[in-house]
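Observations on chain architecture
One letter stands for each residue in the lines below.
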Amino acid sequence: MKIKVSYPFEKAPEPNELIKIVDNIFWLRMPMPFSLNHINLWLIEDNNGWTIIDSGLNLEKSKSYWLQVIKDKLKDKPIKQVICTHMHPDHMGLSGWLCKYFNAELWMSQGEYEGYQNISSELVSDDNTTAYDFYLSNGANMDQAKLYDKYIGIYKTFAYPFPTSYKRLRDNDVIELGGYNWQVVIGSGHSPEHVCLWSKSLNIIISGDQILPTISSNISVHPAEPNANPLNNWLTSCQNYKSLLNNTTLVLPAHGMPFTKVIQRLEGLISEVESNLSKLTSFCKTPKRVVDGFDVLFHKKINHKTFMLACGESRAHFNYLEKLKILHSHSDDCNVIWYKQV
Ligand SMILES: [Zn+2]
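Let me begin by describing the structure that accompanies this report.

Basis of the calculations
- Residues numbered from 1 in each chain as written.
- Predicted model: local features only at pLDDT ≥ 70, side-chain atom pairs only at ≥ 80, totals over all residues.
- Heavy atoms only, no water.
- Helix = DSSP H or I, 4+ residues; strand = E, 2+ residues; numbered from the N terminus.
- Rg over C-alpha atoms; globule rule 2.2 N^0.38 Å.
- Buried < 20%, exposed > 50% of the residue type's maximum accessible area, 1.4 Å probe, protein only.
- Contact = heavy atoms within 4.5 Å.
- Areas by Shrake-Rupley, 256 points an atom, 1.4 Å probe, with all protein chains shown as cover.
- Lys, Arg positive; Asp, Glu negative; His and termini not counted.
- Charge placed at Lys NZ, Arg CZ, Asp CG, Glu CD.
- 1 Å grid on protein atoms, 1.4 Å probe; cavity = no way out; pocket = protein on both sides within 12 Å on 5 of 7 lines; lining within 4 Å.
- Points joined across faces, edges and corners; volume = space filled by probe spheres on them.
- Nonpolar A, V, L, I, M, F, W, Y, C, P; charged D, E, K, R; others polar.
- Pairing = 2+ DSSP bridges.
- Polar contact = N/O pair within 3.5 Å; in protein donor to acceptor, adjacent residues only side chain to side chain.
- Donors = N, O, S within 2.8 Å, 3.2 Å for Na, K, Ca; no water.
- Axes fitted to C-alpha atoms, helices over the stretch in contact; angles between N-to-C directions.
- Parallel < 35°, antiparallel > 145°, perpendicular 65-115°, else oblique.
- Left-handed = near helix turned anticlockwise from the far one by under 90°.

1. A look at the overall build of the protein chain
- Within the protein chain one finds 11 helices and 14 strands.
- In terms of C-alpha radius of gyration, the protein chain reaches 20 Å, essentially the compact-globule figure of 20 Å for 342 residues.
- By the burial criterion, 55% of the 342 residues in the protein chain qualify as buried.
- Look at the contacts in the protein chain between residues 6 or more apart in sequence, and 65% of them connect residues 24 or more apart.
- Surface summary for the protein chain: the accessible area is close to 16000 Å², and the carbon and sulfur share equals 51%.
- Of the side-chain charges in the protein chain, 34 are positive and 35 negative, and the distance between the mean point of each set is 5 Å.

Right under this line is the structure:
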């Protein structure tokens, strides 16, 4: 039987509305022009100013929403810091802009800050050969491999550059915001060092993309590190959150509605991964490429919009099984990798 999570809030905020979660903690939502059509942002109020958690895409429309919220809702108090859970454009897109124009500090983990710097350096390079080779080795054709240019280009379009300095958040740091203590709990797999903020006294976690109520977070291998094992990091993180949280914990996710019953949700996510791994293992009785794994791993047909994410995620499953020596691989004369049961 599929156990569902519970949603204590009936309605999400309108773009210029703040919904109070508890005293000093507010929910703001920004629209996005994708099938994933919104992101949740969290604002924490202190006597001397505000902390903003995640920022939305770098779009003129999002900036105008921010200006309105700052004018109408922040009670003339300054923005003291912007916390960025991770480096993806919907989360970090306007962090740099908020820091620059409102004189705020950027707080985030080192892995995410440096991950963004690496992407920035790729944006100025016009040689994506290494990335094309990575996708070709996974069984992509050249047209599919070149989708990488568009994929990386979303940073150019939707991300305002970070400030050149930041304050580092480390796993287990405790910070005080809104009159509550928050423990930094780093997760990994969806991004290198994703920051979640956990308040034991409130029994609330701000989870970013690390724990979502309905969709599963993308877990991808990227061309910069073809042998990475993000799925292992992901499963380890899920176990860690399971040991920390409980079914009455209120989860404030970046997408979807705030929810409880997080232990069931984490168990559901883990068992989905385990089931996919076992299906993929059976599928590899005869040699298979990463792109062949799409049919086993994904319910929807993969198209040019989803190819990059699907390829990265499929490779993550193959790498995981290869590290466990359940699969082994060899490259053919065209440098395409084939995986087969050991
Ligand atoms: Zn993300």
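What follows picks up the thread again.
2. Some details on the layout of surface pockets
- Here the second largest pocket defines a volume of roughly 150 Å³.
- Along the walls of the second largest pocket sit Gln 144, Val 291, Asp 292, Phe 294, Asp 295, Phe 298, Lys 300, Lys 301, Ile 302 and Phe 307, which together make up its complete lining.
- Its residues assigned to classes, the lining of the second largest pocket shows five nonpolar, one polar and four charged.

3. Some points on the pairing of strand β12 (residues 250-253)
- Alternating residues of β12 divide into Leu 250 and Leu 252 and Val 251 and Pro 253, and every residue in both groups is buried.
- In this structure, strand β11 (residues 204-208) lies alongside β12, joined through four bridges in parallel fashion. The residue of β12 that forms the bridge with Ile 204 is Leu 250.

4. Thoughts on the side chain of His 88
- Along the chain, His 88 turns up in the loop between β5 (79-83) and α2 (89-92).
- Of note is the side chain of His 88, whose polar atom sits 3.1 Å from the side chain of His 86.

5. Points about the coordination of the zinc ion
- Protein coordination of the zinc ion is provided by His 86 (NE2), His 88 (ND1), His 190 (NE2) and Asp 209 (OD), with donor distances spanning 2.1 to 2.2 Å.
- Counting along the primary sequence, the residues that act as donors to the zinc ion give the motif H-x1-H-x101-H-x18-D. Placement of the pair is His 88 in the loop between β5 and α2 and His 190 in the loop between β9 (180-187) and β10 (194-199), with a sequence separation of 102 residues. Both residues of the pair, His 88 and His 190, count as buried.

6. Remarks on helix α3 (residues 95-102)
- Looking only at α3, the buried set comprises Ser 95, Gly 96, Trp 97, Leu 98 and Cys 99.
- Buried residues along α3 sit in contact with β4 (49-53), α1 (60-73), β5, α2 and β6 (105-108).

7. Quick word on the sheet that holds β9
- Strands sit in the order β8-β9-β10-β11-β12 across an open sheet of five strands; the sheet is mixed. A single partner strand is all that each edge strand has here, and the edge strands are β8 (174-177) and β12. Here the strands of the sheet are splayed against their neighbours by 30° on average, with no regard to which way each runs.
- Pairing of β10 with β11, which is carried by three bridges, proceeds in the antiparallel orientation. Paired with Ser 199 across the two strands is Ile 204, which belongs to β11.

8. As for the sheet that holds strand β7 (residues 167-168)
- Pairing is mixed across the open sheet formed by seven strands, whose spatial order is β1-β2-β3-β4-β5-β6-β7. The strands lining the two open edges of the sheet, one partner per strand, are β1 (19-22) and β7.
- Sheet topology places β5 next to β6; three bridges connect them, and they run parallel. Its bridge partner being in β6, Val 82 is matched across the sheet by Leu 106.
- Strand contacts of α3: β4, β5 and β6, with the helix running at about 165° to β5, the strand carrying the most contacts.

9. Some words on the packing of helix α8 (residues 230-244) against helix α9 (residues 262-283)
- Closest axis-to-axis distance for the α8/α9 pair is 10 Å, and the angle between their directions is 155°. Between α8 and α9, the angle falls in the class roughly antiparallel. In terms of crossing hand, the pair formed by α8 and α9 is left-handed. Packed against α8, whose contacting residues are Leu 231, Trp 234, Leu 235, Cys 238, Gln 239, Tyr 241 and Lys 242, the element α9 presents Ile 263, Leu 266, Glu 267, Leu 269, Ile 270, Val 273 and Leu 277 at the interface.
- When its residues are assigned to classes, the contact of α8 with α9 shows 11 nonpolar, one polar and two charged.

All we've got here are geometric facts, nothing functional implied.
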